[in-house]
Amino acid sequence: MKLKFLCTMLLAGALGAAAQGGYQDGVDNFNAGRLDVAKTILQNTINDGATNKAVSYYYLGSIDFLENNMAAAKANFDKGVQADPNYGRNYIGLGEVALKGGDKGAAEGFFKQATGTDKKNTALVAEVARAYYNVDPVKYDKEIQKNLEKARKDSKNTEAAVYLLQGDMIGDKDPGEAAGLYELAIEQSKLKGEVNREAYVKYANVYFSVAPTFAIKKLEELNQLEPNSALAQRELAEKYYANNQWGSAYQQYGKYLQNPNHFQKDERRYVQLLVAAKEYAQAVDRANAILAQDPSDYAMYRMILLSESYQNKWPEAEAAGAKLFQIAKPEQLVPNDYIVYGQALSEQKKVDEAVAVYEKAIELNPDAPELLTDLSAVYEKAGQNEKAVETMKRYLDTGAGSTNDLVNMARRYNSLARSLEKGTPERAAAATEGIKYIDMAIAKVPDNGTVYRIKGELQLAKNDDKPDAETAATYEKMIELYDVDPANREKYATSYRAADFVLSLYYIDVDKEKARKYITDYLTYTPDDENFKLLLESLDK
């Protein structure tokens, strides 16, 4: 159950920024729809010498606009105009704010200023169309189409920004068509010697749910074209992850994390992938490094708990589990946390503590009755057989039991019966209950030899280890089923030896030839057993 954590993990946390790609990485992440990442990079690089402040302020204003903070958006667009009056997009941003406020006349004035900064730049015309689209795609459909048509005509159908907006407009309704438009944007940019990172990422995002293989191939192409792009590296790693390609995701994240312009939350994802890739020691080291910076990161204690438990390092797992349960809020814990922490305690024979963990898990997760099976196993390991049986019965009474659960219930009763004194009605009653459950399992898997072996053990427990005809028939059925595959004689050697022992003792006074057969077979497994050698010799006298 430990791997369930791959579907339940919530690895949120603070963002940290670096600067290899500078403000351009902020622009790229904005175009990829990662506004929180873009905002952090743009803010942290605004005063760098290499930063184009007009561009950065435009994208910061665009983030504010999308977050419905019009005052902040206008302030950033104004700063962009001050930084470079000839950068047209900040006028588009101001027009967008005016349009949102209901002043279409002022908006049109700003849009005219924008396109006037560079009359040959058809991308600005397409961005005016996007401004109308961002404010109200229905109300301003006429204006959107008019500006798109002008951008198409003026560029002779080569303006990538036109195809990008068209793709955005239909992405939710027709992913395939949208992907085709993004492909056109990619190709038109290539003709100009440019790599359109925005189009690559949008193609992958919109097409991933339809054809993940094609989406991933497109991002692999982007990584070949721009191997040092943090955005390209991360997007490919994320798509591998989302497509359950754990090995590829793990390797790609390793490359991405070498890029200084990665984020703290990416470190957390990498730890998660290290666990999935069974790189437990490395996962523990990286999780501890993250905790050194943020001791409140409960999810990293979860990763350490899992990693140490997979290595059977139970004291270390227990320590991580204790910190996890100390730091995380109850709603942040998942059933698997209780299971693994409880197992760490149980493996160290800290039964009372393990039971408390499982009981709390059951209380908080009434919709996860499978937790009862884990609690039952804890009781059995501690030799508390009555509680093991009682708890397993609670689980089976929910109606959720599988064939394996029925088998485990029978085993619990066998342990209980053998813990009781021979010749007592309590011992016989426990064994009888176990037989009832193993018969249910036999009804579901009648061709499985193992269930007959367990039934034979229960019958022996019921009869104080004295085999009778019914017990003999059960063990012979087990042998018949195992004999279907000759490899089973080695695979289930312990079961064969046990059956030979029981059948030899039963048939010695019932059928000497059969006794000879089973004694001889038993000696093939245990050739130095002097008692059975004497037993075989006695048959010849």
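Definitions and cut-offs
Each chain has its residues counted from 1, following the order in which its sequence is written. Confidence filtering applies because this is a predicted model: local features only for residues at pLDDT of at least 70, side-chain atom pairs given and counted only at 80 or more, and all residues used for totals across whole chains, interfaces and linings. Calculated side-chain values reflect all of the structure's heavy atoms, with hydrogen atoms and water omitted. Among buried residues, those of type Ala, Val, Leu, Ile, Met, Phe, Trp, Tyr and Cys that are joined through side-chain atoms within 4.5 Å constitute a nonpolar core. Relative accessible area decides the class of each residue, using a 1.4 Å probe on protein chains only: under 20% of the type maximum gives buried, over 50% gives exposed, and in between gives partly exposed. By definition, any uninterrupted DSSP run of H or I lasting at least four residues is a helix, any uninterrupted run of E lasting at least two residues is a strand, and each is numbered from the N terminus. Residues count as neighbours in contact if any of their non-hydrogen atoms are within 4.5 Å of one another. Where helices are involved, their axes are fitted lines through C-alpha atoms of the stretch in contact, as for all axes, and angles between N-to-C directions lie from 0 to 180°. An angle below 35 degrees is treated as roughly parallel, one above 145 as roughly antiparallel, one from 65 to 115 as roughly perpendicular, and anything else as oblique. By the definition used in this description, the sense in which the near helix is turned from the far one sets the handedness, with an anticlockwise turn below a right angle giving left-handed and a clockwise turn giving right-handed. Each residue is assigned to one class: nonpolar for Ala, Val, Leu, Ile, Met, Phe, Trp, Tyr, Cys and Pro, charged for Asp, Glu, Lys and Arg, and polar for all the others, Gly among them. Each residue after the first adds 1.5 Å to the expected span of a helix. Contacts described as polar in this section are N or O atom pairs within 3.5 Å, which, within protein, must combine one atom able to donate a hydrogen with one able to accept it, while residues neighboring in sequence count only if both atoms come from side chains. Each residue carries a pLDDT score, the predictor's own confidence in it, on a scale running from 0 to 100. Whether two aromatic rings pair depends on their centres lying within 6.5 Å, for rings of Phe, Tyr and Trp, where Trp uses its six-membered ring; planes under 30 degrees apart make the pair stacked, over 60 edge-to-face, and the rest tilted. A ring has a charge above it when a Lys NZ or an Arg CZ is no more than 6 Å from the ring centre and no more than 35 degrees off the ring normal. One speaks of a salt bridge when a side-chain nitrogen belonging to Lys or Arg is within 4 Å of a carboxyl oxygen belonging to Asp or Glu.

**Some words on the nonpolar core**
Part 1 of the argument: In this structure, Met 300, Ile 438 and Leu 503 are the most contacted members of the largest nonpolar core, which totals 127 residues.
Part 2 of the argument: Considering each element in turn, this core owes the most residues, eight residues, to helix H18 (residues 298-310).
Part 3 of the argument: If sequence neighbours within four positions are ignored, Leu 503 has contacts with Ala 472, Tyr 475, Glu 476, Ile 479 and Tyr 518.
Part 4 of the argument: In this structure, Tyr 23, Val 55, Ala 98 and Phe 111 belong to the second largest nonpolar core, which totals 44 residues.

**Notes on the packing of helix H10 (residues 160-170) against helix H11 (residues 175-191)**
Part 1 of the argument: Two elements in contact, H10 and H11, have axes whose closest approach is 8 Å; the angle formed by their N-to-C orientations is 165°. Classified by the interaxial angle, the pair formed by H10 and H11 is roughly antiparallel. In terms of crossing hand, the pair formed by H10 and H11 is left-handed. Counting all contacts with H10, which are made through Ala 160, Tyr 163, Leu 164, Gln 166, Gly 167, Asp 168 and Ile 170, the residues of H11 involved are Glu 177, Ala 178, Leu 181, Tyr 182, Leu 184, Ala 185, Gln 188 and Ser 189.
Part 2 of the argument: Residue composition of the contact of H10 with H11, grouped by class: nine nonpolar, four polar and two charged.

**Here's the deal with the environment of Ala 441**
Part 1 of the argument: Looking at where Ala 441 falls in the secondary structure, it is placed in helix H25 (residues 425-444).
Part 2 of the argument: Look at Ala 441 and you get buried, because its relative accessible area is 0%.
Part 3 of the argument: A C-alpha to C-alpha distance of 51 Å links Ala 441 and Ala 292, two positions 149 residues apart in sequence.
Part 4 of the argument: Every residue in contact with Ala 441, bar those within four places of it in the chain, is listed here: Thr 403, Leu 406, Val 407 and Val 451.

**Overview of helix H30 (residues 512-525)**
Part 1 of the argument: The end-to-end C-alpha distance of H30 is 20 Å, a good match for the 20 Å that 14 residues give at a rise of 1.5 Å each.
Part 2 of the argument: Restricting attention to buried positions, one finds in H30 the residues Ala 515, Tyr 518, Ile 519, Asp 521, Tyr 522 and Leu 523.
Part 3 of the argument: Residues of H30 that are buried sit in contact with helix H27 (469-482), helix H28 (488-491), helix H29 (493-507) and helix H31 (530-539).
Part 4 of the argument: Its side-chain oxygen at 3.2 Å from the backbone nitrogen of Glu 513, Asp 511 defines the N-terminal cap of H30.

**Focus on the environment of Asp 352**
Part 1 of the argument: Mapped onto the elements, Asp 352 comes out in helix H21 (residues 351-364).
Part 2 of the argument: Residue Asp 352 is classed as exposed on the basis of its relative accessible area of 64%.
Part 3 of the argument: Residues Asp 352 and Ala 382 lie 30 residues apart in sequence; the distance between their C-alpha atoms is 9.5 Å.

**With respect to the confidence of the model for the protein chain**
Note: predicted coordinates in regions of low pLDDT should not be interpreted at a detailed level.
Part 1 of the argument: Scored by pLDDT, the protein chain has a mean of 89; 96% of the residues are at 70 or more.
Part 2 of the argument: Confidence scores differ between elements of the protein chain, with helix H1 (residues 5-8) showing the lowest mean pLDDT of 34 and H27 the highest of 97.
Part 3 of the argument: Below pLDDT 50 for its whole length, residues 1-20 participates in 57 contacts with residues either more than four positions away or in separate chains.

**Describing the packing of helix H14 (residues 230-242) against helix H15 (residues 246-256)**
Part 1 of the argument: Orientation of H14 relative to H15, taken along the N-to-C sense of each, is 160°, at an axis distance of 8 Å. Our classification of the angle between H14 and H15 gives roughly antiparallel. Relative to H15, H14 is oriented so that their crossing is left-handed. For the pair H14 and H15, the contacting residues are Ala 230, Gln 233, Arg 234, Leu 236, Ala 237, Glu 238, Tyr 240 and Tyr 241 in the first and Trp 246, Ser 248, Ala 249, Gln 252, Tyr 253, Lys 255 and Tyr 256 in the second.

**Observations regarding the side chain of Asp 337**
Part 1 of the argument: Examined against the element boundaries, Asp 337 turns out to sit in helix H20 (residues 335-347).
Part 2 of the argument: Exposure remark for Asp 337: the relative accessible area of 2% places this residue in the buried category.
Part 3 of the argument: Contacts of Asp 337, omitting those with residues within four sequence positions, involve Arg 302, Leu 305, Leu 324, Phe 325 and Gln 332.

**So, helix H3 (residues 35-45)**
Part 1 of the argument: Restricting attention to buried positions, one finds in H3 the residues Val 37, Ala 38, Thr 40, Ile 41, Leu 42 and Thr 45.
Part 2 of the argument: Turning to H3, the residues buried within the fold contact helix H2 (22-31), helix H4 (53-66) and helix H16 (264-276).

**Here's the deal with unusual backbone geometry**
Part 1 of the argument: Positive phi, normally seen in glycine, also occurs at Lys 349, with a value near 60°.
Part 2 of the argument: Following the sequence through the fold, Lys 349 ends up in the loop between H20 and H21.
Part 3 of the argument: Phi is positive for Asp 465, which is not a glycine, with a value near 65°.
Part 4 of the argument: By the secondary structure assignment, Asp 465 is in the loop between helix H26 (449-462) and H27.

**Topic: the packing of aromatic side chains**
Part 1 of the argument: Under the criterion given, the structure shown has 23 aromatic pairs.
Part 2 of the argument: Ring geometry for Tyr 58 and Tyr 59: centres 4.9 Å apart, planes at 75°, overall edge-to-face. Accessibility classification places Tyr 58 together with Tyr 59 in one group, the buried group.
Part 3 of the argument: Between Tyr 482 and Tyr 492 the ring centres are 4.2 Å apart and the planes differ by 10°, which places this aromatic pair in the stacked class. Placement of Tyr 482 in helix H27 and of Tyr 492 in the loop between H28 and H29 is noted, with a sequence separation of ten residues between them.
Part 4 of the argument: Grouped by ring-pair contacts, the aromatic residues Phe 30, Tyr 58, Tyr 59, Phe 77 and Tyr 87 constitute a single cluster.
Part 5 of the argument: We note Lys 218 situated over the ring of Tyr 203; from NZ or CZ to the ring centre the distance is 5.0 Å.
Part 6 of the argument: In this structure, Arg 489 packs its charged tip against the face of Tyr 496, placed 4.9 Å from the ring centre.

**Considering the pattern of salt bridges**
Part 1 of the argument: Under the counting rule described, the total for this entry stands at 39 salt bridges.
Part 2 of the argument: Residue Arg 130 pairs with Asp 168 through a salt bridge whose shortest N-O separation is 2.9 Å. Highlighted residues: Arg 130 in helix H8 (residues 122-135) and Asp 168 in helix H10, separated in sequence by 38 residues.
Part 3 of the argument: Of the residues examined, Arg 130 reaches a relative accessible area of 15% and is grouped as buried.
Part 4 of the argument: Across the salt bridge formed by Arg 427 and Asp 464, the nearest N and O atoms sit 3.3 Å from each other. With a gap of 37 residues between them, Arg 427 in helix H25 and Asp 464 in the loop between H26 and H27 connect regions that are remote in the sequence.
Part 5 of the argument: A relative accessible area of 3% means that Arg 427 is categorised as buried.
Part 6 of the argument: Among the ionic contacts, a cluster of salt bridges with common partners joins Glu 127, Arg 130, Asp 168, Glu 198 and Lys 202.

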